Structure formats: structure tokens, C-alpha cells
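# Descriptive structure summary
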Amino acid sequence: MAEKKATRAVYGEMLVELAEKYPELIVLDADLSSATMTKDFAKAYPERFLDMGIAEANMIGVAAGLATCGKKPFANSFAMFTAGRAYEQVRNSVAYPGLNVKCVGSHGGLSVGEDGATHQCLEDLALMSAIPGMTVVNPCDGAEMRQAVLALIDYDGPAYLRLGRMAVEYVTDSVPGYKFELGKAAKLREGKDLTICATGLMVQRALAAAELLEAEGISARVLDFHTIKPLDGEALLDAAPLLDDSMMKLLFFVRERCFCTIFDVLRAMLPAGVRYSLEERITVCSPLPPDLSAQERELIKLIAGMPAPTVRKVTAQLGKKASSLLAGLMERDLLRPSVVRRGLAE
């Protein structure tokens, strides 16, 4: 079995490893050094470690000030707090002046179940990607995290780095010719029938899915988008489901559920003569709980797979009761709209 290690653990090791080569490296934390794994740096270099307490906004402001003095600050907290609570400071104090601050969010995504929903930050990648000038990196394993830290410490500019809580399997170190480069997707597996694009901890799932597909005679390529911003548009175009005279290639995006999409980026890069429409269809989140009423089950059976606009029309025709049932099912996250992309030749 491949080695397993949390990306946050490798990140902590890299800070210590790079400290001697980069005397300007300063590490800040918001009272979470045991969780973000900056504790070893704090022990080895106490004069270059600042525990700012539970004051993430202040931590980002201090990091910005240090950057103006020629330091290389890495500011650390949980993703929920780095990207959420300190958003204004990241946007206005770091990104707006283009300062060389690395904002680090640990325990990102769905890997933090033990810490509860309040710490389960899914929107950090979307929030940080929305900030002009911000580089956003989400490594999938320890080997890739190592390369990401090496790249970011030499990168002059604002960046956000997501760390994962749980130990994950190493996959990139066994890929022949693997090379990490900011802004460039890494091809981890070749395939000719379809392409799976994944980022962070979902890369391992994408590779597992490709293995299952192979057993069914389907050849799946897997692209690792460790850099969310800037996005590798060239790799996306190469994998895009362009219509031709023979077949339609398929492109799947695999990510933990968050409120961001790269569809708009892809659409902006489309060649002339091809257009795409995005359509929301209602999908069922299974397994369904046993406490559903007969009416709720009938409604689910009726509208599952329907385009979202059609669902609204159907429920309106069925009356207020159906609309109320639909609202309740959506609120419980048992039904949700999923984007379906359709390629249309002009």
C-alpha cells in the first residue's frame, strides 16, 4: 500500500526544512499551531514565529506589514478562518497592494468531519479565487504539497494554499515524468474515452474511478488541477468535450461540493464554431431517509432528472402543497440542482 500522510504534516515539515535557506521566512499562526503543523517551526525558530491568538484578521494585517519589510510571511489558520473571517484583510491588505503573503488554510474541504460542520470549509477556494491577483493552490498529496511549498516560497505575490486534515495516499510520486508547475495541470493518467479533472483530495478518488472504469473497458484520463488559479486553460481545452463527426469526448469535474465552477472559464476559451449551454437538472441525493412520506417519494420520482425550470413549472401546476414539499426536500439537501453541460455545434 502506498504511503499515507496528511498534506498539513508535510507542509509543517517543509517550513522547518526551508528555514535556513530563507532567513526572511516568518510563520504566523492564530492559536492553532498543533493543528496547522507549524508547531515544529515554532519550536526550532521561536524568534521567527508569531502566535497571534484567535485574531485572524489581525494576523493577516501583520503579515502584510511584514511583507512590506521584505519578509516572506506564511499566515496560518483553519480554512474557515483564513478565507472566511479574514477575507477583507486578505483582499484589501494583501491582494490589493499585491504583497508577498502566503495565506494558508488548513482543514479545508470535507476531510474535517471530526471538527464539525462549522469548520468544514468548502467555499475557501471560491472566495480566494474571486480575489484579483490571488494565486490559489490545492495539492492532492504529500509529494505534491512539498513541491507546492517549494514553488510558493519563491513566488513573489499573494497566494492561498489549502491544507488537508486527514492522511491521504501518495499518488503523484509514482507517476513517471510528474512535474509540478504553478498554473499547470498535471496529467496523472492517460485515457482516450473521457477525462476526469480533479483537485486536492478528490484526485485520489478520480484515480480510483479511472481504475473502475478501466475494468468496464472505458479509458479515462485524469488531470490534477493543483492550481485553481491561474487555471490551466490549455489543459482544459485539450480535454474539452468538442463535437466532431465521429464522437463526443466527455469531461468530468470532480470536487468537494463548493460554490464555484470552472465552466465559465472553459466557455471563455472555446474555439470559434462551438458553443455550450449549461443546464440545471434536479438530482437525488441517495440514500433517501426512511422517514419520507409517500407524497414526498412520489414527488422525487416525478421530478428526478428534470431540468430545474421544468420542475418549477410542474410543481406550480401541482399546487402549493407540491411546492412546499419541494422546498422541504431542497432544504434537507435531498434534492439539489446539478449543472449539466451540453455541447452544440453552431
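Scoring rules and cut-offs
Residues numbered from 1 in each chain as written. Predicted model: local features only at pLDDT ≥ 70, side-chain atom pairs only at ≥ 80, totals over all residues. Heavy atoms only, no water. Pairing = 2+ DSSP bridges. Helix = DSSP H or I, 4+ residues; strand = E, 2+ residues; numbered from the N terminus. Axes fitted to C-alpha atoms, helices over the stretch in contact; angles between N-to-C directions. Buried < 20%, exposed > 50% of the residue type's maximum accessible area, 1.4 Å probe, protein only. Parallel < 35°, antiparallel > 145°, perpendicular 65-115°, else oblique. Left-handed = near helix turned anticlockwise from the far one by under 90°. Contact = heavy atoms within 4.5 Å.

### Regarding the sheet that holds strand β2 (residues 25-29)
The strand order across the open sheet formed by seven strands is β3-β2-β4-β5-β7-β6-β12, and the pairing between neighbours is mixed. Two strands in the sheet have a free side with no partner beyond their single neighbour: β3 (49-51) and β12 (227-229). With direction set aside, neighbouring strand axes in the sheet form an average angle of 20°. As defined by bridge partners, strand β5 (residues 102-106) adjoins strand β7 (residues 159-162) across four bridges and the pair is classed as parallel.

### Describing the pairing of strand β11 (residues 220-224)
Of all five residues that make up β11, five are buried, and the element is covered over most of its length. Side chains A220, V222 and D224 of β11 all project onto a buried face; the interleaved residues R221 and L223 project onto the opposite face, where all are buried too. Across three bridges, strand β9 (residues 186-189) lies against β11 in antiparallel orientation. Its bridge partner being in β11, K187 is matched across the sheet by L223.

### Things to note about the packing of helix α1 (residues 7-18) against helix α8 (residues 142-154)
Packed helix pairs are characterised by how far apart their axes lie and by the angle those axes make with each other. Look at α1 against α8: their axes get within 9 Å of each other, and the N-to-C directions meet at 40°. Compared by their axis directions, α1 and α8 come out oblique. For the pair α1 and α8, the sense of crossing is right-handed. Contact residues: T7, V10, Y11, M14, E17 and L18 in α1; G142, M145, R146, V149, L150 and I153 in α8.

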